[in-house]
Structure formats: structure tokens, C-alpha cells
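Analysis of the macromolecular model
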Amino acid sequence: MSDGSWPTIQDWLDGPTGAGIADVLAQGPEGRQLLESYARDVDDTVTAAFGEVTLPALTLYVHTMARADQILQQGMDDLPEGLQARTGAELHWRITAACWIARERGLA
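It should be emphasised that the depicted structure is a prediction, and the values quoted were computed from it without experimental measurement. (Residues numbered from 1 in each chain as written. Predicted model: local features only at pLDDT ≥ 70, side-chain atom pairs only at ≥ 80, totals over all residues. Heavy atoms only, no water.)

1. Points about the overall build of the protein chain
Rule in force here: The helix count covers DSSP runs of H or I at least four residues long, the strand count covers runs of E at least two residues long, and both are numbered beginning at the N terminus. The rule is simple: take the accessible area with a 1.4 Å probe, protein chains only, and divide by the maximum for that residue type; under 20% is buried, over 50% is exposed, in between is partly exposed. Whether two residues are in contact is decided by their heavy atoms: any pair within 4.5 Å suffices. Only the protein chains shown count as cover for residues, and all accessible areas are computed by the Shrake-Rupley method using a 1.4 Å probe.
Scanning the protein chain from N- to C-terminus turns up five helices and zero strands. In sequence order, the secondary structure elements of the protein chain are arranged as α-α-α-α-α. Here the protein chain holds 108 residues, and 34% of them are scored as buried. Long-range pairs, those at least 24 residues apart, make up 66% of the contacts in the protein chain with a sequence separation of at least 6. In the form shown here, the protein chain has an accessible surface area of approximately 6400 Å², with 54% of it arising from carbon and sulfur atoms.

Listed below in C-alpha cells is the structure:
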């Protein structure tokens, strides 16, 4: 992990998120299409919040999604089981897409 207290996008890419990207892309055009769909949404969100997609903006986005996932995990007892899984998966897809954007644009 990086020297800072928060992992960098590169740390995420070097870990399970990087492996997840490879797994999704190995599924062929359908996997890439799904990843691109999430990436468009992440790109729109980051651009709306920060004005442009930069490595610091993507890093903050990833940390926000990771923190939301932590909060979700702590409060999952209050959610129906199907909603728990779907919400957690949505957050993970957004983290994966943000890291993929950084890698594809040469930011990380």
C-alpha cells in the first residue's frame, strides 16, 4: 500500500479490484460493455462533482464508495438480504469502474 493512510488507485488496481477488472474483461464483449456502462456513470458523476476526471477526483470517489460500503456492512442487519447484496455489488462495480477509468486513461 502507499505511504499515505488511504490506498491509492494503484493500490486498488494491484489488489482484488485489478483482478476483478481482468475477470470482467475476460468475459468478452458483454463484460466490457457492462464495465463501460458503469464507467460512463462514474465519469458523469466525477465530472459533475469535480469539473473533470482527474486522478485525485477518482481517488476521492473511490474512497467515498469504499466508505459507503463500510457503512452498509455495519448496518446491513436493517436491510432485506436481496437489497444488501445488490447495494454492495453496485458499490463494488463503481469502485471497479473508477479504477478502470484511471488505468485506461493512463492516470494510474
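2. Some details on the packing of helix 3 (residues 29-50) against helix 4 (residues 55-74)
Quick note on the threshold: Axis definition: a line fit to C-alpha positions, over the contact stretch in the case of helices; interaxial angles, taken between N-to-C directions, run 0 to 180 degrees. Should an angle fall under 35 degrees it is taken as roughly parallel, and over 145 as roughly antiparallel, whereas 65 to 115 is taken as roughly perpendicular and any remaining angle as oblique. A clockwise turn of the near helix away from the far one marks a right-handed crossing, whereas an anticlockwise turn of less than a right angle marks a left-handed crossing.
For the pair helix 3 and helix 4, the least separation of the axes is 10 Å and the interaxial angle reads 110°. As summarised for this structure, helix 3 and helix 4 are arranged roughly perpendicular, according to the angle between their axes. Note that helix 3 runs across helix 4; the crossing there is right-handed. Contact residues: V42, T45, V46 and F50 in helix 3; A57, L58, L60 and Y61 in helix 4.

Spatial relationships are all this shows, so hold off on functional conclusions.
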